[in-house]
Amino acid sequence: MTEKRENWGSRFGFLMAAAGSAVGLGNIWRFPYLTGMNGGGAFILIYLGCVALIGLCIMTAEFAVGRRSGLAAVGAYKSVSDKWSFAGALGVLSGFFIMGFYPVVGGWSMAYIAKSFTGLLAVPEAIGDVFGGFISAPVEPLVWMVIYLAINVFIVSKGVQGGIEAAGKVMMPLLYVLLAAIIFRTISLPGAGEGLKFLLAPDFSKVTGQTFLAALGQAFFSLSLGMGCMITYGSYLNKEEKLPANALIVTTMDTSVALLAAVAIFPALFAFGIEPTAGPGLVFIVLPQVFAQMGSLGPVFSALFFLLLFIAALTSSVSLLEVVVAYLIDQHRMERKKAVYITSAIMAVMCILSSLSMGAMSGFKIFGVGFFDFFDILTDKIFLAIGGGLLAIFVGFFMKKEDLKDELTNGGTVSFPAFELWYNLTKYVVPVIIAVIAISGILAIEQKSLMIFGLLIIAVLAVFSKKL
Ligand code: TRP
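Sequence positions are assigned chain by chain, starting from 1 and proceeding in written order. For a predicted model such as this one, the threshold for reporting local features is a pLDDT of at least 70, and the threshold for listing and counting side-chain atom pairs is 80 or more; totals across whole chains, interfaces and linings nevertheless cover every residue. Hydrogens and water are ignored here; the side-chain numbers use all heavy atoms of the structure.

Enquirer: Which parts of the structure should I look at to understand the overall build of the protein chain?
Expert: The numbering of helices and of strands both runs from the N terminus, where a helix is a DSSP run of H or I of at least 4 residues and a strand a run of E of at least 2. Tallying secondary structure elements over the protein chain gives 20 helices and 0 strands in all. Based on C-alpha atoms, the radius of gyration is set beside the globule rule, defined as 2.2 Å times the residue count to the power 0.38. Against the compact-globule benchmark of 23 Å for 468 residues, the protein chain has a radius of gyration of 21 Å, which places it among compact chains. Once the C-alpha set of the protein chain is aligned to its principal axes, its extents read approximately 60 × 45 × 45 Å. For every residue, the accessible area obtained with a 1.4 Å probe (protein chains only) is divided by the maximum for its type, and the residue is called buried under 20%, exposed over 50%, and partly exposed between those limits. When burial is assessed residue by residue, the protein chain has 59% of its 468 residues classed as buried. Long-range contacts, defined as pairs at least 24 residues apart, comprise 83% of the intrachain contacts of the protein chain with a sequence gap of at least 6. Accessible areas in this description were obtained via Shrake-Rupley with a 1.4 Å probe; residue shielding takes into account the shown protein chains only. Carbon and sulfur atoms make up 69% of the accessible area of the protein chain, which totals about 17200 Å². Charge convention: Lys and Arg are scored as positive, Asp and Glu as negative, and His as well as the terminal groups of each chain are ignored. A single reference atom marks each charge: NZ on Lys, CZ on Arg, CG on Asp, CD on Glu. Counting 29 positive and 26 negative side-chain charges, the protein chain places the averaged centre of each group 6 Å from the other. The contact criterion used is simple: two residues touch if any of their non-hydrogen atoms lie within 4.5 Å.

Enquirer: Please clarify how a nonpolar patch on the surface should be interpreted in this entry.
Expert: The patches described consist of residues with a relative accessible area above 30% and no salt bridge, like charges being joined within 9 Å and nonpolar side chains (Val, Leu, Ile, Met, Phe, Trp, Tyr) within 5 Å. What counts as a salt bridge is simple: a side-chain nitrogen of Lys or Arg found within 4 Å of a carboxyl oxygen of Asp or Glu. A cluster of nonpolar side chains, namely Leu53, Val80, Ile393, Phe397, Phe398, Tyr428 and Val429, defines an oily patch on the protein surface of about 590 Å² accessible area. For the nonpolar patch, the secondary structure elements donating two or more residues are α17 (371–398) and α19 (419–443). Mapped onto the fold, Phe398 is located in helix α17.

Enquirer: Hey, could you run me through the packing of aromatic side chains in this one?
Expert: The relative placement of two aromatic rings is captured by the distance of their centres and the angle of their planes. Each Phe, Tyr or Trp ring, with Trp reduced to its six-membered ring, pairs with another whose centre is within 6.5 Å; inter-plane angles below 30 degrees give stacked pairs, above 60 give edge-to-face pairs, and intermediate values give tilted ones. Here the structure, examined in full by the defined rule, presents 43 aromatic pairs. Between Phe131 and Phe284, the ring centres sit 5.1 Å apart and the planes meet at 10 degrees, which makes this aromatic pair stacked. Here Phe284 lies in helix α14 (residues 282–292) and Phe131 lies in helix α7 (residues 127–136), a separation of 153 residues in the sequence. Phe284 shares its class with Phe131; the two are buried. Relative to Phe371, the ring of Phe364 lies with its centre 5.7 Å away and its plane at 10 degrees, an arrangement referred to as stacked. Aromatic rings pair up to connect Phe101, Trp108, Tyr112, Phe131, Phe134, Phe284, Phe291, Phe305, Phe306 and Phe372 into one cluster. Only Lys NZ and Arg CZ are tested; either one counts as a charge over a ring when it is within 6 Å of the ring centre and within 35 degrees of the ring normal. Between the NZ or CZ atom of Arg30 and the centre of the ring of Phe221, over which it lies, the distance is 5.2 Å. Here the basic side chain of Lys427 rests over the ring of Phe397, its NZ or CZ set 4.8 Å away from the ring centre.

Enquirer: When you look at the site of the ligand in this model, what are you seeing that I'm missing?
Expert: Consider each residue's heavy atoms; a residue with any of them within 4 Å of a molecule or strand counts as near. Neighbouring the ligand are 18 residues, the closest being Ala22, Gly26, Tyr102, Phe221 and Ser224. Polar contact is defined as a pair of N or O atoms within 3.5 Å, subject to the rule that within protein one atom must be able to donate a hydrogen and the other to accept it, and that residues adjacent in sequence are counted only when both atoms are side-chain atoms. Separating a nitrogen atom of the ligand from a backbone N or O atom of Phe221 is a distance of 2.7 Å. Here Ser224 contributes a side-chain N or O atom positioned 3.0 Å from a nitrogen atom of the ligand. Summarising the interface, the protein chains cover 100% of the accessible area of the ligand, which totals 360 Å² for the free molecule.

Enquirer: Can you help me understand the packing of helix α1 (residues 11–22) against helix α15 (residues 298–332) in this one?
Expert: Packed helices, taken two at a time, are described by their axes: the angle between them and the distance between them. Note on method: axes are straight lines fitted to C-alpha atoms, helices fitted across the in-contact stretch only, with angles between N-to-C directions ranging 0 to 180 degrees. Interaxial distance between α1 and α15 falls to 7 Å at its minimum, and their mutual angle equals 100 degrees. In this view, α1 runs roughly perpendicular relative to α15, as classed from their interaxial angle. For the pair formed by α1 and α15, the contact residues are Gly20, Ser21 and Ala22 on the first element and Ala312, Thr315, Ser316 and Ser319 on the second. In the scheme used here, Gly and all other residues not listed as nonpolar or charged are polar, with Ala, Val, Leu, Ile, Met, Phe, Trp, Tyr, Cys and Pro taken as nonpolar and Asp, Glu, Lys and Arg as charged. Residue composition of the contact of α1 with α15, grouped by class: 2 nonpolar, 5 polar and no charged. Roughly parallel means an angle under 35 degrees; roughly antiparallel, over 145; roughly perpendicular, 65 to 115; everything else is oblique.

Shape descriptors only; they carry no functional weight alone.
Structure below.
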């Protein structure tokens, strides 16, 4: 390749973009409800263990693979061995599929910014019905989804520095400010102490094998791992950046936002006597009920909260789109704008199907589930964990140890004292833990035909890997 590859403009810009990718719906929408359903502090402890032991190793590995090759998902694997292209292709496909439902939820968050001011909070008892009615409507959520996707197209078509990095530098600091404002309000509510106790005092009676599975899956999803996203972002890094330090910073930022989101939400739930086990509806149904009880400032806090959710989602979906776009640019020499338009058009079709599967098309099932769940289960429960496991095996057994050391120490110019620890964990411990948890988890998926379909896709990719 002769043309110069795009690069991040500054370290801060890269960190904001990478943390922007990691911090998303996973942190603010999913982490709090998983915590609520899995025993509060106990789940948090297990989650932190998964992040520290597995997440940090894989994040470091993805950065190293990306920068070493200077290529996005497929190209990075291919540069070592043609046979491994399929692992990258699996990542690209995961990116595609996650973008088959993520923008739908992104659109909901935008809609709820507006709805905060237009009567959503007026009748607290009706908030649940309003949500159900909204997401199952045939047109309104589609309009919001298209607007949401269009913003993604705008940012990614402007490129790595001018689009993704510029957006991250503005939005991530804003996200922290919004989060601080909301915490400040909720933590000063009378009765908030109970919520903090729920988070800090672990209740191990709720912990089962499924809790570990949920925690591991959540760690991958939240840190944007297992599909070449951080490989792609790492490929735009210059050779002076210290990879292990950056991996630690991004991991810490992501984890802190998840914990802060929990701190923002649980005290409010307990203050208003609402059960923490509400599940996925937590932020769209339960939180507005809390805001509705806050009086005249309720709509303002509600709008700020959904703005926070929107910003978090946006910097994440941009990274998912970029994984597919970067693959087309690297492997098929496609022009960026063209790649963005083609990719997002297909994503829009998938999102229309996902959104309609909540209402008009709720009777239509593929492999026993609607489109929304199809894309969600396939990626979250099957592809990401397998993708992460494959990466660990690839790094541990197919890359040269000296090359990895060279990459992680910038050619020996900076020290990485934990190199041996990282290497052995990634090579021997991480794949085994992932295998145990993923295999038992995948086998436990209720929709057997979907599970077989997912595994079949991986097999087909492996067979045709050389063509990718
Ligand atoms: N991490 C994001 C979140 O928490 C979602 C996301 C973005 C993602 N890029 C990813 C998940 C890559 C898995 C892989 O919402």
